[in-house]
Amino acid sequence: MLIRGGTVVDPGQGLHARRDVRLDVDRIIELGDGLTPRPGEAVVDARDRLVLPGLIDLHVHVFWGASHYGIEPDPHCLGTGTTTVVDAGSAGAHTFAAFRRYVIDVSATRIVPFLNIGATGMVSPAVGELEEVRHIDRAAALRTIEAHRDLIRGIKVRLSRDLVGANARVALKTAREAGEAAGLPIMIHVGDTPIPLAEILSELRPGDVITHCYHGRKEGILDDRGTVTQAARRAAARGVLFDVGHGKGSFSFQVARRALAQGFRPGTISSDLHVYNLDGPVFDLATTMSKFLHLGLSLDEVVAMTTGAPAQLIGHDGALGTLRPGAVGDVTLLAVQEGPVTFEDAMGERLAGTRRLVPSGAVRAGRWVPPKAAER
Ligand SMILES: [Zn+2]
């Protein structure tokens with residue numbers, strides 16, 4: 001396959017230029033300007049399109065039919081140009097085998113799971129998965145990770161008051177111990193946590209992740225005066241990764257603007273796409289990326305935060321998140337649509353923008369996937 005005439009943006013190799021991309025079965029084999037189609041080669045016309053390494057969304061929920069958050073990955077992720085997603089804790093030790101067999105193994109979207117430290121995972125809208133302390137089970141988590149070593153790349157723990165009840169410290173400690181024993185990062189969902197953010201951050205190792213980093217609820221990265229806390233700065237300097245995880249209630253333009261103005265950037269941009277935000281305000285990863293362009297990040301920064309940075313975190317550095325020859329043949333095409341657009345955060349604030357990124361098809365392991373027909 002030859003993807004022809006587009007503007008390749010691949011920050012990992014310092015590339016932002018017109019290039020053609022050649023794939024052989026499921027690998028990238030050549031980048032060049034003015035490559036000539038070979039007999040029998042499929043040609044994708046990418047003129048007026050951005051051609052990116054296949055996008056990686058570090059935070060979504062795709063355990064359809066079992067988790068109340070779950071969306072179907074192929075129409076909503078791959079169909080909107082995201083070739084790889086991290087499912088952030090939809091399944092726990094007691095539900096993971098079904099997630100693997102009935103969703104991960106049969107989806108065209110590449111799904112990299114983080115295991116919930118709560119053994120049920122995110123099944124019920126009525127009961128938080130960590131409210132019952134007997135479900136916070138280190139041994140069960142470690143058995144599941146060992147049985148699915150080829151897939152599981154991290155551990156998830158959600159520490160909001162309504163999900164964890166009185167068990168925040170034991171949940172965090174158990175997740176941390178399981179992460180250390182398994183050699184995997186942990187991802188902490190923060191926002192309205194019953195314990196101070198500074199305490200949570202002090203427990204994290206380099207490579208661990210704070211998701212919902214720009215949430216507008218209690219226990220955020222800003223102090224009462226709107227200044228980024230020393231605890232957040234120290235954690236970032238130590239290698240703790242701050243992930244956006246937009247979500248339904250976890251992204252505030254005001255917090256993001258203040259943090260960015262103080263030079264506190266996200267390590268990764270993710271959507272937290274699920275049932276409750278699919279029809280807005282999140283829609284897809286491209287829309288979340290567009291919001292960060294609007295907030296002042298450059299296109300190269302936004303692409304790096306949705307390709308190379310998440311690839312490194314999930315241990316697929318060099319294979320995913322890059323268009324270097326030899327890498328997996330995952331490619332995302334986006335159009336830049338100029339014109340008035342309204343961006344909304346999770347707090348109801350609306351901003352008037354002037355351009356947005358629109359999914360325009362993808363290649364997943366060498367196979368062309370047309371964009372989902374979505375107008376909004
Ligand atoms: Zn989530």
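Parameters and conventions
Residues numbered from 1 in each chain as written. Predicted model: local features only at pLDDT ≥ 70, side-chain atom pairs only at ≥ 80, totals over all residues. Heavy atoms only, no water. Core = buried A, V, L, I, M, F, W, Y, C linked by side-chain atoms within 4.5 Å. Buried < 20%, exposed > 50% of the residue type's maximum accessible area, 1.4 Å probe, protein only. Helix = DSSP H or I, 4+ residues; strand = E, 2+ residues; numbered from the N terminus. 1 Å grid on protein atoms, 1.4 Å probe; cavity = no way out; pocket = protein on both sides within 12 Å on 5 of 7 lines; lining within 4 Å. Points joined across faces, edges and corners; volume = space filled by probe spheres on them. Nonpolar A, V, L, I, M, F, W, Y, C, P; charged D, E, K, R; others polar. Donors = N, O, S within 2.8 Å, 3.2 Å for Na, K, Ca; no water. Salt bridge = Lys/Arg side-chain N within 4 Å of Asp/Glu carboxyl O. Pairing = 2+ DSSP bridges. Axes fitted to C-alpha atoms, helices over the stretch in contact; angles between N-to-C directions.

**Here we look at the nonpolar core**
Ile188, Ile210, Tyr214, Ile221, Phe242 and Phe292 are the most contacted members of the largest nonpolar core, which totals 84 residues. Looking at which element gives the most residues to this core, the answer is helix 5 (residues 168-182), with six residues. Counting residues in each nonpolar core, the second largest holds 15 residues, with Met1, Ala46, Val51 and Leu333 among its members.

**Description of empty space enclosed by the protein**
Considering all chains together, one arrives at one cavity of 30 Å³ or more under this definition. Quantified by volume, the largest cavity comes out at close to 30 Å³. Along its surface, the largest cavity is lined by Asp57, Val60, His76, Cys77, Thr80, Thr82, Val85, Leu273, Asp284 and Leu285. Elements represented by at least two residues in the lining of the largest cavity include exactly strand 6 (55-60) and strand 7 (82-92). Split into classes, the residues belonging to the lining of the largest cavity amount to five nonpolar, three polar and two charged.

**Considering the coordination of the zinc ion**
In an ideal octahedron of six donors the angles at the metal are 90 or 180 degrees, and in an ideal tetrahedron of four donors they are 109.5 degrees. Surrounding the zinc ion are the protein donor atoms His59 (NE2), His61 (NE2) and Asp272 (OD), which sit 2.1 to 2.4 Å from the metal. All donor residues of the zinc ion come from one chain, and their arrangement in sequence is H-x1-H-x210-D. With relative accessibility at 2%, the residue His61 sits in the buried group.

**Describing the pattern of salt bridges**
Pairs can form between side chains of opposite charge whenever their charged atoms are close. Scanning the model with the defined rule gives 22 salt bridges in all. One salt bridge connects Arg38 with Glu30, and the closest N-O pair in it is separated by 3.8 Å. Assessed through its relative accessible area of 26%, Glu30 is described here as partly exposed. For Glu199, the salt bridge identified is with Arg169, shortest N-O distance 2.7 Å. Taken together, the residues Glu199 in helix 6 (residues 197-202) and Arg169 in helix 5 connect sequence positions 30 residues apart.

**Regarding the pairing of strand 2 (residues 15-24)**
Where strand 1 (residues 2-10) lies against strand 2, seven bridges are found, and the strand directions are antiparallel. By the bridge assignment, Asp10 is partnered in strand 2 with Leu15. Once strand 1 ends, the chain turns through four residues before running back antiparallel as strand 2, passing Gly14 with a positive phi of about 60 degrees. Between strand 2 and strand 3 (residues 27-32), which pair antiparallel and follow one another directly, the connecting turn spans two residues, one of which, Val25, has a positive phi of 55 degrees.

**Concerning the sheet that holds strand 12 (residues 241-243)**
On the basis of which strands lie adjacent, the open sheet formed by seven strands has the order 6-7-8-9-10-11-12 and parallel pairing. The sheet is open, and its two borders are formed by strand 6 and strand 12, each paired with just one other strand. Adjacent strand axes in the sheet meet at a mean angle of 25 degrees when their direction is disregarded. As paired strands, strand 6 and strand 7 are joined by four bridges and run parallel to one another. When the sheet's bridge partners are listed, Ile56 is paired in strand 7 with Thr84.

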